[in-house]
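Analysis of the macromolecular model
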Amino acid sequence: MIGQGRLAAWAVGLAALVALPFLYRDPYHLHILVLILIWSFAYTSWSMMGRFGLVSLGHGGFMGIGAYVTALLWNHLGWSPWIGIPISMVAAGALALIVGYPCFRFRITGHYFVLVTLALSGIVLQVITATRDYTGGSLGYTPNRASGNKLLALQFDDKTTWYLIALGVWLFGIVVWHWVDRSMARYALEAISEDEDAAAAAGVDVTAEKLKITLLSAVMTALAGAIYCQYQMFITPDTVSGIAVSLQMVFAAIVGGLFVSLGPTFGAVITILLAETLRIGFGTKAVGWDNLVYGVLLVLFIIFLPKGILGSLLDRLKPQRKVPRAHEQEAVQIARPGT
Amino acid sequence: MGMQAFLDIFDIYLLEAVINGILLGGVLALLALGLNLIFGVIDVTWICYAELVMIGMYAMYFIVQYYGLSYFIAAPFTILLVAILGAALHYLVIAPLLTAPPINQLLATGGVLFVLQSFATVAFGIDFRNLGIRLPVLAFGDMNFSYARLLSFLAALVGMVAVYLFMTRTFTGTAIRAISQDRQIMALMGVDTKRMYLITSALGGALAGLAACLLVLQYDVHPFVGLSFGPITFLICVLGGLGNFIGGFIAAFVFAEIISLGGLFSDLEWGYVLAFAFFIVMMFIRPAGLLARRR
């Protein structure tokens, strides 16, 4: 339960975030903030299942579907993103069910699950590249500029509007995170992540619980992809899909810490600021350097700080619990300690 | 054109695709063998395995194109280099994480994937490069096969037989197999597991290096080339059962046929999509792997 004090802190923080674009209008900084909010939402979506030990490297695929389906429906059929985004979310959800059901039903876990989802994001990238007649292949794809109603086309020119949209979507992600956190599903999923057989014996429907959280996570990730596409108005297979994007999600979530609802957001702030700093520092020679630093940091984090920055900080601040449960020592299988 | 003539041509193409599938299967089996070896012995999945192959392909490119050495001198150097890379990967990344949860090890190799890809981007740029060696095409009846594929297939077979002999005929190989059966007890019996892990990692790297020497004959090298055959290698290993050498071998040829026959009807990418669809179906039928006994 959220206490009075924390509720007040959230309210003040939110009011400040909403007021920000009206007080501060530097377009570059607003752009960075919008990117941080959209990616935070994507990382939060990933961590919804990641925190229960369901390490998916297929989320690049779901994000790609969200972005490309929305843009393709707009360009080829003239369907507004207001219709296209729900369709893309359904498509990503369907794919999640098709891949998730056999995995969960037949107990494909651990290494196997990671490799299957890894292949999934690779395949989505291949499909986008293969259908280059429609998607532009690896050269990228641009949604057509709207001639009429901007709202209907979900295309806005000013950064303030986009900032508020991204803020709303991000907040929605945080709310869903807390909703899951306080639901019965959380206890079921934590039980599953500790011992599937014991959970099943205790009456938890393992397959159904895993499918539900996977579906939710995939659908939200597709929404993140679609919003990213509408904001940037240019997508390439590499920026919204594939193994690299999936790994980027895992990396940010681990750096921030899956411990707390704001962990993935914290991860997004750190990774995007890092990437921007490197980009400005190296200039046009930055291609590759940011990912090189990412990769080295990811390895170092997993070896030395598997709970993430925010997670480790909170650990220091809180009095140590007696015995850490086994799954809390893992980089991604970290549940929130009882509060 | 009559129906009969159409069928004749179709059959020739079909046969050609089937044989090309077998030739492709050799290299895929080699990749799967390397990954399975690492998994079977050390219980780690290197998701950066295809990126090691990519580095090997660059090594071949530079030794042959830049230093002007012959292909057959470059190959042993490349195999040695990637073997050292494999051992270094184990020493620097996996060894500190040996007692950590398996998922941490796997994600750490994901970090290495990032590092290798971006290292290649920074060092070599994103241009597509090729060896510039054009091997002749072998005409057999009405069918055409490239020598590159034939050579790759044979070399892959030789590589696999060599690994088999090493694993069954030498003391080190026997010790490695013993470790894969029981990790704890072998240390008590006086086998230096750390050393065995390093040797296995180097061997896995060497197989990636050999695959690089063969793939560079057929494909252009660029920093993201690993993404074209990495996912398929993972699917092969999962379908064959991780750590199961024979399962991986059979699955490699099954997948190669699907890719080759799928590519007959359209682009190669669609072959991959078909392979993935097949994989999903197989998970329903044989969830524990191709060779698992039905419960």
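Here, every reference points to the structure presented above.
Note that the coordinates shown come from a computational prediction; the quantities given were computed from them, not determined experimentally.

**Points about the overall build of chain B**
Counting secondary structure elements, chain B contains eleven helices and two strands. Walking chain B from its N terminus toward its C terminus, one meets helices and strands in the order α-α-α-α-β-β-α-α-α-α-α-α-α. Over its C-alpha atoms chain B spans a radius of gyration of 20 Å, differing by no more than 12% from the 19 Å that the globule rule assigns to 295 residues. Counting over 295 residues, chain B shows a buried share of 51%.

**As for the overall build of chain A**
A count of helices and strands for chain A gives 16 helices and zero strands. Radius of gyration (C-alpha) of chain A: 20 Å, near the 20 Å computed for a compact globule of 339 residues. Across its three principal axes, chain A shows a C-alpha extent of roughly 60 × 45 × 40 Å. Split into buried and exposed, the 339 residues of chain A put 49% on the buried side. Long-range pairs, those at least 24 residues apart, make up 76% of the contacts in chain A between residues at least 6 apart in sequence.

**A few points about the interface of chain B and chain A**
On the side of chain A, 41 residues touch chain B, which itself brings 41 residues to the contact. Of all the secondary structure elements, the ones that give two or more residues to the side of chain B that touches chain A are helix 4 (102–124), helix 9 (226–240) and helix 11 (268–285) of chain B. Here the side of chain B that touches chain A gets 17 residues from one element, more than from any other, and that element is helix 4 of chain B. Considered class by class, the residues forming the side of chain B that touches chain A number 31 nonpolar, eight polar and two charged.

**Quick look at the packing of helix 13 (residues 243–256) of chain A against helix 15 (residues 289–304) of chain A**
Residues and elements named next belong to chain A. At a minimum axis distance of 10 Å, the contact between helix 13 and helix 15 shows a crossing angle of 50°. Put simply, helix 13 runs oblique to helix 15. The handedness of the crossing between helix 13 and helix 15 comes out as left-handed. Counted together, F251, I254 and V255 of helix 13 and Y294, L298, F301 and I302 of helix 15 form the full contact between these two elements. For the contact of helix 13 with helix 15, the class distribution of residues is seven nonpolar, no polar and no charged.

**Some thoughts on the nonpolar core**
With 199 residues, the main nonpolar core has I38 of chain A together with L28, M57, M60, A211, L235 and F255 of chain B as its most contacted residues. Per-element accounting of this core gives the leading share, 16 residues, to helix 8 (residues 193–218) of chain B. The residues contacting M57 of chain B, other than those within four sequence positions of it, are A212, L215, V216, V221 and V225 of chain B.

**Details of unusual backbone geometry**
Residue L154 of chain A is not a glycine yet carries a positive backbone phi of 55°. One can find L154 of chain A in the loop between helix 7 (150–153) and helix 8 (159–181).

**Structural notes on the packing of helix 6 (residues 171–181) of chain B against helix 8 of chain B**
Residue and element names in this part refer to chain B. One can describe the packing of helix 6 onto helix 8 by two numbers: an axis separation of 10 Å at closest approach and a directional angle of 105°. The pairing of helix 6 with helix 8 is recorded here as roughly perpendicular in orientation. Note on element contacts: helix 8 touches helix 6 through T193, M196, I199 and T200, opposite T172, A175, I176 and I179. Its residues placed into classes, the contact of helix 6 with helix 8 shows five nonpolar, three polar and no charged.

**Some words on helix 2 (residues 27–50) of chain A**
For helix 2 of chain A, built from 24 residues, the straight-helix expectation of 34 Å at 1.5 Å per residue is met to within 8% by its first-to-last C-alpha distance of 34 Å. Among the 24 residues in helix 2 of chain A, 17 count as buried, and that is most of the element.

Procedures and definitions
- Along each chain, residue indices are assigned from 1 in the same order as the chain's sequence is written.
- Labels follow written order: the first chain is A, the first ligand is 1, and so on.
- It should be noted that, the model being predicted, local features are given only for residues of pLDDT at least 70 and side-chain atom pairs only at 80 or more, the latter also being counted only at that level, while totals for whole chains, interfaces and linings use all residues.
- Secondary structure counts use DSSP, requiring at least four H or I residues in a row for a helix and at least two E residues in a row for a strand, with both numbered from the N terminus.
- Radius of gyration here is computed from C-alpha atoms only, and the compact-globule reference equals 2.2 Å multiplied by the residue count raised to the power 0.38.
- Buried means a residue has 20 or more other C-beta atoms within 10 Å of its own C-beta, exposed means 12 or fewer, and partly exposed covers the counts in between; C-beta atoms are placed from the backbone.
- For every residue pair, C-beta atoms are placed from the backbone, and the pair is scored as a contact if these atoms sit within 7 Å.
- Here the nonpolar group is Ala, Val, Leu, Ile, Met, Phe, Trp, Tyr, Cys and Pro; Asp, Glu, Lys and Arg are the charged ones; every other residue, Gly included, is treated as polar.
- What counts as an axis is a line fitted to C-alpha atoms, over the stretch in contact for a helix, and the angles between N-to-C directions run from 0 to 180 degrees.
- Orientation is classified from the angle alone, with under 35 degrees giving roughly parallel, over 145 giving roughly antiparallel, 65 to 115 giving roughly perpendicular, and any other angle giving oblique.
- By convention the crossing between two helices is left-handed if the near helix lies anticlockwise of the far one by an angle smaller than a right angle, and right-handed if it lies clockwise.
- What we call a nonpolar core is a set of buried Ala, Val, Leu, Ile, Met, Phe, Trp, Tyr and Cys residues whose membership is set by joining through C-beta atoms within 7 Å.
- The span expected for a helix works out to 1.5 Å for each residue beyond the first.

Scope: geometric values only; no functional claims are made or implied.
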